[in-house]
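Letter by letter, the chains look like this.
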Amino acid sequence: MLTHPSKTRLSDERIESIANQIIANLIKKKLIAVKNSDKTSIVHKIVQIIAADQKLEEEIESETLRILKTYEQKVAPGTPQWQVVFNQTKERIAKKKGFIL
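What you see is a predicted model; the values in this text were computed from it and never measured.

Novice: Mind laying out the packing of helix 2 (residues 36-69) against helix 3 (residues 80-97), listing which residues take part and the relevant values?
Specialist: Taken N-terminus to C-terminus, the directions of helix 2 and helix 3 make an angle of 125°; their axes are 9 Å apart at the nearest point. Put simply, helix 2 runs oblique to helix 3. With respect to the hand of their crossing, helix 2 and helix 3 are arranged in right-handed fashion. In this structure, helix 2 uses Leu-56, Glu-57, Ile-60, Glu-61, Glu-63, Thr-64, Leu-65, Ile-67 and Leu-68 to contact helix 3, whose residues at the interface are Trp-82, Val-85, Phe-86, Thr-89, Lys-90, Ile-93, Ala-94, Lys-96 and Lys-97. Grouping the constituent residues of the contact of helix 2 with helix 3 by class yields 10 nonpolar, two polar and six charged.

Listed below in structure tokens is the structure:
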């Protein structure tokens, strides 16, 4: 059976932490000015964007695994050769969807 590559899904808490760090860094570098009342909604929007990005990448990986299932007879899952084929296939699908890995 084909398995998902060793990539860990970000938890909701981790995504929110990243979003807060993004806002804090932008404010610290004076690239944006945010009212405290607006900060929560901005963080929420960043969380949505990161979560959507992560979901799309998971969909790309699922599609990649479906395609690679047809190669199972030729390339053994988990081998270095399988990882190369996985990465190439994933990049091709991502490019077709306009997604930058």
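Novice: Any chance you could break down helix 2 for me, citing the residues and the numbers?
Specialist: Between the first and last C-alpha of helix 2 there are 50 Å, a value that for 34 residues agrees with the 50 Å anticipated at 1.5 Å per step. When helix 2 is considered as a whole, its buried residues turn out to be Val-43, Ile-46, Ile-50, Gln-54, Glu-57, Ile-60, Glu-61, Glu-63, Thr-64, Leu-65 and Leu-68. Close packing links the buried residues of helix 2 with helix 1 (12-28) and helix 3.

Novice: How would you explain the confidence of the model for the protein chain if you had to name every residue and give the values?
Specialist: On average, residues of the protein chain carry a pLDDT of 88, and 91% of them reach 70 or more. The least confident element of the protein chain, judged by mean pLDDT, is helix 3 at 91; the most confident is helix 1 at 95.

Novice: Let's hear about the packing of helix 1 against helix 2: which residues, and what values?
Specialist: Helix 2 packs onto helix 1 with a crossing angle of 125° between their chain directions and a minimal axis gap of 9 Å. Considering their axes alone, helix 1 and helix 2 lie oblique with respect to each other. The interaxial crossing formed by helix 1 with helix 2 has right-handed handedness. Counting all contacts with helix 1, which are made through Ile-15, Glu-16, Ile-18, Ala-19, Asn-20, Ile-22 and Ile-23, the residues of helix 2 involved are Lys-39, Ile-42, Val-43, Ile-46, Val-47, Ile-50, Ala-51 and Gln-54. Classifying every residue of the contact of helix 1 with helix 2 by side-chain character gives 11 nonpolar, two polar and two charged.

Rules used throughout
Residues numbered from 1 in each chain as written. Predicted model: local features only at pLDDT ≥ 70, side-chain atom pairs only at ≥ 80, totals over all residues. Heavy atoms only, no water. Axes fitted to C-alpha atoms, helices over the stretch in contact; angles between N-to-C directions. Helix = DSSP H or I, 4+ residues; strand = E, 2+ residues; numbered from the N terminus. Parallel < 35°, antiparallel > 145°, perpendicular 65-115°, else oblique. Left-handed = near helix turned anticlockwise from the far one by under 90°. Contact = heavy atoms within 4.5 Å. Nonpolar A, V, L, I, M, F, W, Y, C, P; charged D, E, K, R; others polar. Expected span 1.5 Å × (residues − 1). Buried < 20%, exposed > 50% of the residue type's maximum accessible area, 1.4 Å probe, protein only. pLDDT = per-residue confidence, 0-100.

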